[in-house]
Amino acid sequence: MGLAVAQMGPVNLADTRAVVVKRLVDMLREAAARGAEFVVFPELALTTFFPRYWMEEAEAVERFFEKSMPNDDVQPLFDAARELSVGFYLGYAEITPEGRRFNTAVLVDRQARVIGKYRKIHLPGHSDHKPDAPFQHLEKKFFEVGDLGFGVWEMDETNIGMCLCNDRRWPETYRVMSLQSAELIVLGYNTPSHNIHWNEPVHWRTTTHEIVLQASAYQNAVWVAAAGKCGYEDGYHMIGSSMIVAPSGEIVARASYEEDEVITANIDLELGRSFREHVFNFAKHRSPQHYKLIVERTGAGDPLPKP
Ligand code: ING
């Protein structure tokens, strides 16, 4: 399967959706020219990473949320996708007719039909204003925890699962989808280089990003494709390193810069099947009766009484 990841460089506050969507269409065209049938775009791909700014919810909704998907601003991307017969994953801020707010991604097939939706479950950051911090990370203020679970959809005989950004750091994310026979998990991210809470060395943002994608691809025998929005957005830096990871855990394609950049790979879904047959054969080797704490406890607690 011809797969592409379209990494985005910065989207600044002054960048209009029309300008951003043109960038996405340009990358979709490049991906199609390189044989891609599916393109992964980043989280919150249509706007700057606005959770870095303190503002009231009403202002955020007005400036950064989409009332429908597709909509007039994004329609050129859907039109190009249909013309080129390329499916895609797109992350954006969703406001529902009832006024509920989610950090959302959609799965769009090669006829440009929305066939799946995911709402981010692991929301990092905080909801209070931290005026002394160099920037905010207000995902817990602007978004609700997703209410759609982790889904898997079949598209062109491929079982595709979706998640978003911080979700990629939690093993449960991938396992719930690989237990639904996912073969490819796609995700977008916006990962600030700097931690506002403590003096975390910046290179750990990239090393932990690599570790979670490689380990999770291997431990779930799936392909993983991750698209970042990166570089300096109005001076605030976010990591790049968009990549495509094989079920072996190997990085088979990786972005080099912090601008718009398309990376592609011809992924062999047979490779995942081999690992699921001979290593991670869930039916043969898993013992859920011993995993109960994973769903019974939210936070860590005392050691269990010994049998
Ligand atoms: N961003 C970051 C991410 O998970 C983060 C936030 C970074 C949390 C590093 C913890 C550690 O990649 C988003 N948008 O989730």
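So, a few notes on the structure that sits alongside this text. (Residues numbered from 1 in each chain as written. Predicted model: local features only at pLDDT ≥ 70, side-chain atom pairs only at ≥ 80, totals over all residues. Heavy atoms only, no water.)

### A look at the site of the ligand
As a structural note, the neighbourhood of the ligand is formed by 13 residues, with E139, C165, N166, R169 and T191 the closest of them. In the model, an oxygen atom of the ligand is placed 3.1 Å from a nitrogen or oxygen of the K120 side chain. Within the side chain of T191, an N or O atom sits 2.7 Å from an oxygen atom of the ligand. Burial of the ligand by the protein chains amounts to 84% of its free accessible area of 370 Å². The cavity where the ligand resides is the second largest pocket. For the shell around the ligand, the per-class residue count stands at three nonpolar, four polar and six charged. (Near = heavy atom within 4 Å. Polar contact = N/O pair within 3.5 Å; in protein donor to acceptor, adjacent residues only side chain to side chain. Areas by Shrake-Rupley, 256 points an atom, 1.4 Å probe, with all protein chains shown as cover. 1 Å grid on protein atoms, 1.4 Å probe; cavity = no way out; pocket = protein on both sides within 12 Å on 5 of 7 lines; lining within 4 Å. Sits in = over half its atoms within 2 Å of the grid points. Nonpolar A, V, L, I, M, F, W, Y, C, P; charged D, E, K, R; others polar.)

### Focus on the nonpolar core
F38, V40, Y89, V186, L187, L213 and I244 are the most contacted members of the largest nonpolar core, which has 44 residues in total. Excluding anything up to four places from it in sequence, V40 contacts L3, A4, V5, A6, Y89, V186, L187, A225 and A227. Core analysis: the second largest hydrophobic core is formed by 30 residues, V11, V21, V39 and A80 among them. (Core = buried A, V, L, I, M, F, W, Y, C linked by side-chain atoms within 4.5 Å. Buried < 20%, exposed > 50% of the residue type's maximum accessible area, 1.4 Å probe, protein only. Contact = heavy atoms within 4.5 Å.)

### Remarks on the packing of aromatic side chains
With the rule as written, the count across this model stands at 13 aromatic pairs. Relative to F65, the ring of F50 lies with its centre 5.5 Å away and its plane at 55°, an arrangement referred to as tilted. Of the two residues, F50 is situated in the loop between β2 (38-40) and α2 (57-64) and F65 in the loop between α2 and α3 (75-84); the sequence distance between them amounts to 15 residues. With relative accessibility at 4%, the residue F65 sits in the buried group. Between Y218 and F275, the ring centres sit 6.0 Å apart and the planes meet at 85°, which makes this aromatic pair edge-to-face. With Y218 in helix α6 (residues 203-220) and F275 in helix α7 (residues 269-278), this pair connects stretches of sequence that are 57 residues apart. Every member of this aromatic cluster is reached through a ring pair, and the members are F50, F64, F65, F142 and F143. Against the face of Y189 rests R168, its NZ or CZ located 4.6 Å from the ring centre. The ring of F282 carries R286 above its face, with NZ or CZ at 5.7 Å from the centroid. (Phe/Tyr/Trp six-rings, centres within 6.5 Å; stacked < 30°, edge-to-face > 60°. Helix = DSSP H or I, 4+ residues; strand = E, 2+ residues; numbered from the N terminus. Lys NZ or Arg CZ within 6 Å of the ring centre and 35° of its normal.)

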